[in-house]
Amino acid sequence: MPTISCFIIFTFLTISSMACVAQAMGVNWGTMASHPLPPPKVVKLLKSNNINKVKLFDANSDVLQALSGSNIGVTVGIPNTMLRSLNSSKKAADSWVHDNVTRYISNGGSGARIEYVAVGDEPFLKSYGEQFHPFIIGAAMNIQAALKRAKLDSKVKVVVPCSFDNFESGSNLSSEVHFRSDLNKTMIQLLTFLDKHGSPFFVTISPFVTLLQTKNISLDFSLFKETARPHNFSHKIYKNSFDLSYDTVVAVLSTVGFPNMDIVVEKIGWPTDGAANANSSLAETFMKGLMNHLHSNLGTPLRPHQPPLETYIFSLLDEDQRSIASGNFERHWGLFTFDGQAKYHVDLGQGSKGLVNAQNVEYLSYKWCVVNNNKDLSNATASALEACANADCTALSAGGSCFNISWPSNISYAFNSYYQQHDQRAESCDFGGLGLITTVDPSMDHCRFPIEIRTSHAEFYRLSNLQWMILLVTTLLTSLAV
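Mind showing me how you'd approach the nonpolar core here?
One broad trend across soluble globular proteins is that nonpolar side chains are buried collectively. Counting 110 residues, the largest nonpolar core has Trp 96 and Phe 201 as the members making the most contacts within it. Leaving out residues up to four positions away in the same chain, Phe 201 has contacts with Cys 162, Phe 167, Met 187, Leu 191, Leu 194, Val 249, Leu 253, Met 261, Asp 262, Ile 263 and Val 264. Core analysis: the second largest hydrophobic core is formed by 24 residues, Phe 415, Tyr 419, Phe 431 and Phe 449 among them.

Hey, could you run me through the sheet that holds strand 12 (residues 310-313) in this one?
Whether parallel or antiparallel, the strands of a sheet pair through hydrogen bonds between backbone atoms. Strand order across the open sheet formed by eight strands is 5-4-3-2-1-12-11-8, with parallel pairing between neighbours. What marks the edges here is a single partner per strand, and that holds for strand 5 (157-159) and strand 8 (201-204). Across the sheet, the mean angle separating the axes of adjacent strands is 25° when strand polarity is ignored. Where helix 5 (residues 90-105) meets the sheet, its contacts fall on strand 3 (73-78) and strand 4 (113-119), and the angle it forms with strand 4 comes to roughly 160°.

What's the story with the pattern of salt bridges in this structure? I'm lost.
Pairing between side chains becomes possible if they bear opposite charge and their charged atoms approach one another. Per the stated rule, a full pass over the model turns up 16 salt bridges. Notably, a salt bridge pairs Glu 115 with Arg 113, separated by 2.6 Å at the nearest N-O pair. For Glu 115, a relative accessible area of 14% corresponds to the buried category. A single salt-bridge network, built from bridges that share partners, covers Lys 53, Arg 113, Glu 115 and Glu 310.

Would you mind showing me how to read the packing of aromatic side chains here?
Working definition: an aromatic ring pair is given by the centre-to-centre distance plus the angle between the planes. Across all of its chains, the model carries 19 aromatic pairs by this definition. Ring plane angle 85° and centroid distance 5.8 Å describe the contact between Phe 329 and Trp 333, whose orientation is recorded as edge-to-face. The class for Trp 333 is buried, based on a relative accessible area of 6%. Here the aromatic cluster, defined as three or more aromatic residues joined through ring pairs, consists of Phe 57, Phe 208, Phe 224, Trp 270, Phe 286, Phe 314, Phe 329 and Trp 333. Sitting over the face of the ring of Phe 314, Lys 267 holds its NZ or CZ atom 4.7 Å from the ring centroid.

Explain the side chain of Asn 49 here, please?
Topologically, Asn 49 is positioned in the loop between helix 2 (39-48) and strand 2 (53-56). For Asn 49, a relative accessible area of 3% corresponds to the buried category. A distance of 2.9 Å separates the side chain of Asn 49 from the backbone oxygen of Leu 45, its partner in a polar contact.

Explain helix 13 (residues 409-421) here, please?
In an α-helix, one turn spans 3.6 residues; hence positions three or four apart end up facing the same way. Compared with an ideal rise of 1.5 Å per residue, which puts 13 residues at 18 Å, helix 13 spans 18 Å between its outermost C-alpha atoms and is within 8% of the ideal. The buried fraction of helix 13 amounts to ten of the 13 residues, a majority that puts the element mostly inside the structure. Residues Ile 411, Ser 412, Tyr 413, Ala 414, Phe 415, Asn 416, Ser 417, Tyr 419, Gln 420 and Gln 421 constitute the buried set of helix 13. Tucked inside the fold, the buried residues of helix 13 contact strand 13 (368-371), helix 12 (380-388) and strand 14 (435-438). Positive backbone phi, at 60°, marks Asp 423, one or two positions downstream of helix 13.

Is there a simple way to think about the side chain of Asp 320 in this case?
Turning to its location among the elements, Asp 320 is positioned in the loop between strand 12 and strand 13. Buried charged residue Asp 320 carries no salt bridge. Nearest counter-charge: Arg 331, at 6.6 Å. Here the side chain of Asp 320 touches Gln 421 through a polar contact of 3.2 Å, side chain to side chain. The contact partners of Asp 320, leaving out residues within four places of it in the chain, are Met 32, Ala 33, Ser 34, Arg 331, Asp 392, Gln 421 and Glu 452.

What is the right way to look at empty space enclosed by the protein in this model?
Inspection of every chain in the model, using the stated rule, returns five cavities of 30 Å³ or more. The volume enclosed by the largest cavity comes to roughly 100 Å³. What lines the largest cavity is a set of 14 residues, and nearest its centre among them are Trp 29, Gly 30, Pro 36, Leu 37 and Leu 317. Broken down by class, the residue content of the lining of the largest cavity amounts to ten nonpolar, two polar and two charged.

Looking at this structure, how should I read the state of the cysteines?
Cysteine pairs can be covalently joined through their sulfur atoms, and such a bond is termed a disulfide. Summed over the entire model, instances satisfying the criterion amount to three disulfides. Each disulfide pairs two cysteine sulfurs, and for Cys 369 the partner residue is Cys 429, the sulfurs being separated by 2.0 Å. Disulfide Cys 369 to Cys 429: torsion about the S-S bond roughly 85°, handedness right-handed. Of this pair, Cys 369 sits in strand 13 while Cys 429 sits in the loop between helix 13 and strand 14; the two residues are 60 residues apart in sequence, bridging distant segments of the chain. Classification of Cys 429 by relative accessible area gives buried; the value is 4%. The disulfide partner of Cys 402 is Cys 447, and the gap between their sulfur atoms is 2.0 Å. Taking the torsion about the S-S bond as the criterion, the Cys 402 to Cys 447 disulfide, at about 100°, is right-handed.

About the cut-offs
Residues numbered from 1 in each chain as written. Predicted model: local features only at pLDDT ≥ 70, side-chain atom pairs only at ≥ 80, totals over all residues. Heavy atoms only, no water. Core = buried A, V, L, I, M, F, W, Y, C linked by side-chain atoms within 4.5 Å. Buried < 20%, exposed > 50% of the residue type's maximum accessible area, 1.4 Å probe, protein only. Contact = heavy atoms within 4.5 Å. Pairing = 2+ DSSP bridges. Helix = DSSP H or I, 4+ residues; strand = E, 2+ residues; numbered from the N terminus. Axes fitted to C-alpha atoms, helices over the stretch in contact; angles between N-to-C directions. Salt bridge = Lys/Arg side-chain N within 4 Å of Asp/Glu carboxyl O. Phe/Tyr/Trp six-rings, centres within 6.5 Å; stacked < 30°, edge-to-face > 60°. Lys NZ or Arg CZ within 6 Å of the ring centre and 35° of its normal. Polar contact = N/O pair within 3.5 Å; in protein donor to acceptor, adjacent residues only side chain to side chain. Expected span 1.5 Å × (residues − 1). Lys, Arg positive; Asp, Glu negative; His and termini not counted. 1 Å grid on protein atoms, 1.4 Å probe; cavity = no way out; pocket = protein on both sides within 12 Å on 5 of 7 lines; lining within 4 Å. Points joined across faces, edges and corners; volume = space filled by probe spheres on them. Nonpolar A, V, L, I, M, F, W, Y, C, P; charged D, E, K, R; others polar. Disulfide = S-S within 2.5 Å.

This is how it looks when you write it as structure tokens:
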């Protein structure tokens, strides 16, 4: 009997531990898409896949309304462009908290379960220079004070998402890792603020980007493969890129006096198109490796049996209007395609062995725009380049899913991308008479010629942009009045 009792207790504790880890999984939900899935359908997609935490990059009212009553934990975001005004005005911070937190959280059981306010979106990113540095700490402090005045500071924590390029080392992957010299003072101020209020450190970890940027990191090491050559760091042996990156963060936090600070991996994922090694097969391998590692509760060499407090997959859906400044793969991070269709199978650790697709998605008419082979195509390439400048042709890039299609099929892909993003309007398939509308699907092999979603996206974004414009003007006027 004692043996059976011990077994039951051990089983219970194991299940409880796994459930705890599972609850710490979430996704990033970005809306930089020409034809976004309607927010109510996205919330249904989240619930169908038992995803109970979501991180947003703004505080769009339609999104927050759709999340209200869902019991999904929410991180709302403040865009970098608002940091200056929120730093300079307590009234602006009060107004923002009232309009984007209190308004949704105060509806009792039918409200949104807002857990974090993310001040900025990786505002310390090296490519931004120092343009946001003077405003971040002040903005975070003013939002914290505004939450306290609204009596929400015990429910909602203030965080600042940080990119992995906040860190640098004397030599490649040496143990001499520290914050960038231009950031050291500001980061210590930030960590002191987070520590004072019991907030975790939000950081991006991207094994894919590390693979691209670091010569001695292998693909197997990035994908949790057991055959990968191990790496040494801080007198420890590492078998995968995730642990190495995570412990880099741990080591730096310890060096500056915050060895026990909770860490949230705010973005991690693997793209499926737009670059070499960006495909669904490798993404599935990476995600399965990551899930198995997190659910094992092994932790890392510097934090054994202490996995991240929370981990947010980047991203829920593909976004065809994300900036591609750092690579064409930026538009293909989704677990799901733009229309909510799963790209591969992965168990997120919440009882579902396969991802559930979005249901009842409404598409535009089954029409495509292709090149008219009966025309003189000597200027077709110039027309395609013009189309790509105003559409999404990232699948045509080297290593992309459509890179190997031949001319003039690649011209047709460019034409169709423009045509779909412009709501299949007849004039958007003209291209000086080179375009032809067809009802025959030109997709081939692994190259999909998409049809866009039928959505009120134009109205959605017109309202969204209007709301942001009103909020920005109000915030600026308030800050000037102080």
